[in-house]
Every structure is written in C-alpha cells, then in structure tokens.
Amino acid sequence: MRLHHVQVACPTGGEDAARAFYGAGLGLTEVAKPPELAGRGGCWFRGYGPGGAVVAEVHVGVEDPFAPARKAHPALVVDDVAALDATADRLEALGFAVDRTERESFAGYLRFHTRDGAGNRVEVLAPR
C-alpha cells in the first residue's frame, strides 16, 4: 500500500492563500484538477522527484463550514537540512510562522511545524 495524496481544507476563497503556502512557500507545483472536480473549488499540488516521478501530492479542498486542522497534519520530507532551513526561511519571508521548538524531537530527523494559509498544521522534516 502507498499513500496517493493528502487532503487539507480551506475556507471558501482560500485558494490564493493555499497557492502562496504550498506553491511559493513549499515549492510544490500546482496541477489542474480533473474537469469533473474543478467546480468544487480548491487546488492541487505535487512534488516531483528525480526523473519526474510524483513523490508528494496535496489536495486543498473547500469546506463550509471550515475549521483548521490544529493537530492532524501532513508531514513532508525534504532531501537534507539545507533544504529544510531554506524552506523555513522562504515560508517566514512570505509571512508564515515557523515553529522550530521541536526541531530535534523526532529520531533520525530534524523538523519544523508551520500553518498553511488557512491555519492547518503542516510538518516539514529532513533526515539528519
């Protein structure tokens, strides 16, 4: 079994904030939703590995009423600590808060937590 994608929610009209976070902040590529799903709103993002293989996919769906996920979260892995720190710096430059208080609390990884444009918790890790 493999994980195909993770879905997080945003409020109506939250797509631009999702694009800022997942696209500009995390560096994922926005991809078109299938035509039969496009009318629901939201947006989809993919991360690609060497050779163009999809290695991560996040679907942002519109939910009404909306409540951000404060504990449940996707955890995305970057290649190394330099990429982890660069991602944190990019997010902060875009105005997203980065919490490094648990940086060394997960065996084998360094990490940080942040919140996307809708307030959903997101974790980013790098192997030590």
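Starting from 1, residues in each chain are numbered consecutively following that chain's sequence as written. Where local features are concerned, this predicted model is filtered to residues with pLDDT of at least 70; where side-chain atom pairs are given and counted, the filter is 80 or more; whole-chain, interface and lining totals use all residues. Hydrogens and water molecules were not included; the side-chain quantities draw on all heavy atoms of the structure.

Taking an unreviewed UniProt entry as the reference, the protein chain is identified by name as VOC family protein belonging to Isoptericola peretonis.

Engineer: Please provide a residue-by-residue account of the packing of aromatic side chains, values included.
Structural biologist: Pairing of aromatic rings covers Phe, Tyr and the six-membered ring of Trp, with a centre-to-centre limit of 6.5 Å; geometry is then stacked below 30 degrees between planes, edge-to-face above 60, and tilted otherwise. In total, this model carries 4 aromatic pairs according to the counting rule given. Ring centres of phenylalanine 21 and phenylalanine 96 lie 5.0 Å apart, and the angle between their planes is 75°; on these two criteria the pair is classed as edge-to-face. With a gap of 75 residues between them, phenylalanine 21 in helix α1 (residues 15–25) and phenylalanine 96 in the loop between α3 (81–93) and β6 (98–99) connect regions that are remote in the sequence. The same class applies to phenylalanine 21 as to phenylalanine 96, namely buried. Pairing phenylalanine 106 with tyrosine 109 gives two aromatic rings, centres 5.7 Å apart and planes at 50°, and the pair type is tilted. Working definition: with a 1.4 Å probe on protein chains only, accessible area under 20% of the residue-type maximum means buried, over 50% means exposed, and in between means partly exposed. Using a relative accessible area of 38% as the deciding quantity, one classes phenylalanine 106 as partly exposed. The exposure class of tyrosine 109 is partly exposed, given its relative accessible area of 28%. The structure contains a cluster of three or more aromatic residues connected by ring pairs, namely Phe21, Tyr22, Phe45 and Phe96. Secondary structure is summarised from DSSP: a helix means a run of H or I of at least four residues, a strand means a run of E of at least two, and numbering begins at the N terminus for each.

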